[in-house]
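Residue strings, one per chain:
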Amino acid sequence: MDLFEYQGKELLRKFEIPVPEGRVATTPDEAAEAAKGLGGRVVVKAQVQIGGRGKAGGIKLAESPEEAREAADKIIGMTISNEQDPKGQLVKRVLVERAGDIREEYYVSFAIDRSARKFVGIMSAQGGMSIEEVAEKDPTAVAKVHVDPLLGFSDYHARKLVYGAKLDPEARKEAIAILPKLYRAFVELDASLVEVNPLVLMGEGRVVALDAKVSLDDSAAYRHPNFDELKSVHEVPEQERFAKERGLNFIKLDGDVGIIGNGAGLVMSTLDVVKAAGGEPANFLDVGGGAGAELLSSALEVITSNAEVKSVLVNIFGGITRCDLVAEGIIDALGRLDVQVPIVVRLDGTNAEQGRKMLADAPHPKLIPADTMLGAAEKAVALAHGKEG
Ligand code: GDP
Ligand code: MN
């Protein structure tokens, strides 16, 4: 789960990392009220899980509560997009923060380096822009340390980052003090990323986290009693919520070929085969081992609720899962749902012949049997592209 900036900052504050004082507002009036409470100059920031808000006009300075109201009026209701997320996100809240006098902007983050099997800390004196851009233009401007999770973060790591990144001498001491706290936050929150961009050196010599991008690992939710509360303000798309309610292991993707399979490995290979056939999968959906008629029917319902889906590929290898029950689920779903897209079905393994016969005996204009996995994928892709399978 990617947190909103204000949520990330609330968590960082608990780890004694300095962040500006601020309040969340959902209306221009609340923003004016917040600005009044903070006094003086404030900055009004769009709360979306998307970078580049500054460039998109989602961050505005305000000299008075009246200006904060105007800024919030412009920002709330905006849709902010970037290259990674061209559809963008609607702004529903703003963070109103006391504005400071920024002298320098730095970058710092902790993340997981899976290939090194270690945590990685990254720091740069060139903050406020994307770290990928900095690394490309001037790799020497980026300092990096690997941290062994068992040994932890030491003073040595902090110095290596701060001196390696060539932070201004006035910022060194405070930055060295902040780094172990940030590392602790990263580890104790079970985060996959804690990124502060920019970390700033203020006029009066203080070092403060001006932005916060915190991603929490959903698999560790059970260890964090506040996880659900943090999640409650995030909008879970209808399709995902429905899938979760039905106990389906579902992940939405951006393509147009819906996928149903049993077993994560088979589903992954099905995605690969669809790609190899020139198509784009619309989702990952694993009905698991021993899936019966009801689960299959729910799976088809979830997938066909996405208007982007132009064809569906059901790829089942029966083991504990019985192909006759899968066929029953498909027939049941076709009877209940108004399915508009073709469904290509490949059944193999336990009771496959029985399942195939059941499908053949209950002909449906949208049902297309296939013998092999590759053949099924090719058909599904051709149908998604508007060609006959
Ligand atoms: P992002 O563009 O979505 O990453 O949003 P950031 O929170 O990183 O803000 C982008 C830029 O806006 C920063 O690099 C700063 O230059 C500026 N900015 C953000 N907060 C403040 C603030 O409190 N005071 C001032 N003067 N500028 C700010
Ligand atoms: Mn930022």
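Placed above this text is the structure.
Residue indices follow the written sequence of each chain, beginning from 1 at its first position. Here the convention is simple: chains get letters from A, ligands get numbers from 1, in the order in which they are written. For this predicted model, a pLDDT threshold of at least 70 governs which residues receive local features, and a threshold of 80 or more governs which side-chain atom pairs are given and counted, while totals over whole chains, interfaces and linings are taken from all residues. In computing side-chain values, all of the structure's heavy atoms are included and hydrogens and water are not.

Attention now moves to the coordination of the manganese ion (ligand 2). Geometry reference: four tetrahedral donors at a metal, ideal angle 109.5 degrees. Six octahedral donors, ideal angles 90 or 180 degrees. A donor here means an N, O or S atom no more than 2.8 Å from the metal, or no more than 3.2 Å when the metal is Na, K or Ca. Since water is not included, a site may seem to lack partners. In this structure, Asn197 (O) and Asp211 (OD) serve as the protein donors to the manganese ion (ligand 2), at separations of 2.1 Å. Taken as a pair, Asn197 in strand E10 (residues 191-202) and Asp211 in the loop between strand E11 (207-209) and strand E12 (213-216) lie far apart in primary sequence, 14 residues in all. Counting from the N terminus, the helices are the DSSP runs of H or I reaching at least four residues and the strands are the DSSP runs of E reaching at least two.

Moving on, we get to the site of ligand 1. Each residue is tested against the molecule or strand, and it is near if at least one of its non-hydrogen atoms lies within 4 Å. Ligand 1 sits among 16 residues. The nearest are Lys45, Arg53, Glu105, Asn197 and Asp211. In the environment of ligand 1, an oxygen atom lies 2.6 Å from a nitrogen or oxygen atom belonging to the side chain of Arg53. Polar contact criterion, stated in full: a pair of N or O atoms within 3.5 Å, where within protein one must be able to donate a hydrogen and the other to accept it, and residues adjacent in sequence count only if both atoms are side-chain atoms. Glu105 is positioned with one of its side-chain polar atoms (N or O) 2.6 Å from an oxygen atom of ligand 1. Using the Shrake-Rupley algorithm and a 1.4 Å probe, accessible areas are obtained, with residue cover drawn only from the displayed protein chains. Relative to its free-state accessible area of 560 Å², ligand 1 is covered by the protein chains to the extent of 80%.

The subject of this paragraph is the packing of helix H8 (residues 238-245) against helix H10 (residues 293-304). Interaxial distance between H8 and H10 falls to 9 Å at its minimum, and their mutual angle equals 175 degrees. Put simply, H8 runs roughly antiparallel to H10. Facing Gln239, Phe242 and Ala243 of H8, the residues of H10 in contact are Ser298, Glu301, Val302 and Ile303. Under the scheme applied here, ten amino acids are nonpolar (Ala, Val, Leu, Ile, Met, Phe, Trp, Tyr, Cys and Pro), four are charged (Asp, Glu, Lys and Arg), and all others, including Gly, are polar. The residue inventory of the contact of H8 with H10, partitioned by class, reads 4 nonpolar, 2 polar and 1 charged. Note on geometry: axes are lines fitted to C-alpha atoms, helical ones only across the stretch in contact, with angles between N-to-C directions running from 0 to 180 degrees. What sets the label is the angle itself: under 35 degrees gives roughly parallel, over 145 gives roughly antiparallel, 65 to 115 gives roughly perpendicular, and the rest give oblique. Residues count as neighbours in contact if any of their non-hydrogen atoms are within 4.5 Å of one another.

Right, let's get into the packing of aromatic side chains. Pairing of aromatic side chains requires ring centres within 6.5 Å, counting the rings of Phe and Tyr and the six-membered ring of Trp. Pairs whose planes differ by under 30 degrees are stacked, by over 60 edge-to-face, and all others tilted. Taken as a whole and assessed by the stated rule, the structure comprises 7 aromatic pairs. Relative to Phe186, the ring of Phe119 lies with its centre 5.0 Å away and its plane at 90 degrees, an arrangement referred to as edge-to-face. With Phe119 in strand E8 (residues 118-124) and Phe186 in helix H6 (residues 169-188), this pair connects stretches of sequence that are 67 residues apart. Of the residues examined, Phe186 reaches a relative accessible area of 1% and is grouped as buried. Members of the aromatic cluster, connected to one another through ring pairs, are Phe110, Phe119, Phe153, Tyr183 and Phe186. Classification of residues uses two cut-offs on accessible area relative to the type maximum, computed with a 1.4 Å probe and protein chains only: under 20% is buried, over 50% is exposed, and between them is partly exposed.

Turning to the environment of Ala362, a few remarks are in order. Inspection of the secondary structure assignment puts Ala362 in the loop between helix H12 (352-361) and strand E18 (367-370). C-alpha separation for the pair Ala362 and Glu328, spaced 34 residues apart in sequence, amounts to 10.0 Å.

This part takes up the packing of helix H2 (residues 28-38) against helix H3 (residues 65-75). Where H2 contacts H3, the axes come no closer than 8 Å and their chain directions differ by 145 degrees. Like other packed secondary-structure pairs, H2 and H3 cross with a definite hand, here right-handed. On H3, the residues touching Pro28, Asp29, Ala31, Ala32, Ala35 and Lys36 of H2 are Pro65, Ala68, Arg69, Ala72 and Asp73. Handedness of a crossing follows from how the near helix is turned relative to the far one, being left-handed for an anticlockwise turn of less than a right angle and right-handed for a clockwise one.

This next bit is on the environment of Ser124. If you trace the backbone, Ser124 turns up in strand E8. For Ser124, a relative accessible area of 0% gives the class buried. Residues Ser124 and Ala135, 11 residues apart in the sequence, show an inter-C-alpha distance of 9.2 Å.

For the rest of this paragraph, the subject is the sheet that holds strand E1 (residues 22-25). Reading across from one edge, E1-E6-E2-E3 is the order of the 4 strands in this open sheet, with antiparallel pairing throughout. Strands with a single pairing partner mark the edges of an open sheet, and in this sheet they are E1 and strand E3 (59-62). Strand after strand, the sheet turns through a mean of 20 degrees between neighbouring axes, direction not considered. Any two strands are treated as partners once DSSP identifies two or more bridges connecting them. Strand direction decides the pairing type here: E1 and strand E6 (residues 94-98), joined by 4 bridges, are antiparallel. Residue pairing across strands places Ala25 opposite Val94, the latter belonging to E6. Packing against the sheet, helix H1 (residues 5-14) makes contact with E1, strand E2 (42-46) and E6, and its axis sits at approximately 45 degrees to E6.

With that settled, the discussion passes to helix H5 (residues 155-164). Among the residues making up H5, those that are buried are His157, Ala158, Leu161 and Val162. Along the axis of H5, the buried positions cluster into a sector of 120 degrees, meaning they face one direction only. Next to the buried residues of H5 lie E8, strand E9 (142-147) and H6. Two residues or fewer past H5, Lys166 is found with a positive phi of approximately 60 degrees. An arc is given here, and it is the one of the directions from the helix axis to the C-beta atoms.

Before going further, it helps to spend a moment on the pairing of E18. Bridging between strand E17 (residues 343-349) and E18 involves 4 bridges; their strand directions are parallel. Paired with Arg346 across the two strands is Ala370, which belongs to E18. Regarding topology, H12 serves as the crossover connection from E17 to the parallel E18, and that connection is right-handed. When the strands point away from the viewer, a crossover counts as right-handed if the path from the first strand over the helix to the second runs clockwise.

Here we come to unusual backbone geometry. Note the cis peptide between Asn197 and Pro198, where omega equals 10 degrees. Although it is not a glycine, Arg117 sits at a positive phi angle of roughly 55 degrees. In the Ramachandran plot, Asn351 falls in the positive-phi region, its phi being about 60 degrees despite a non-glycine side chain. Tracing the backbone through its elements, the reader meets Asn351 in the loop between E17 and H12. The class for Asn351 is partly exposed, based on a relative accessible area of 30%.

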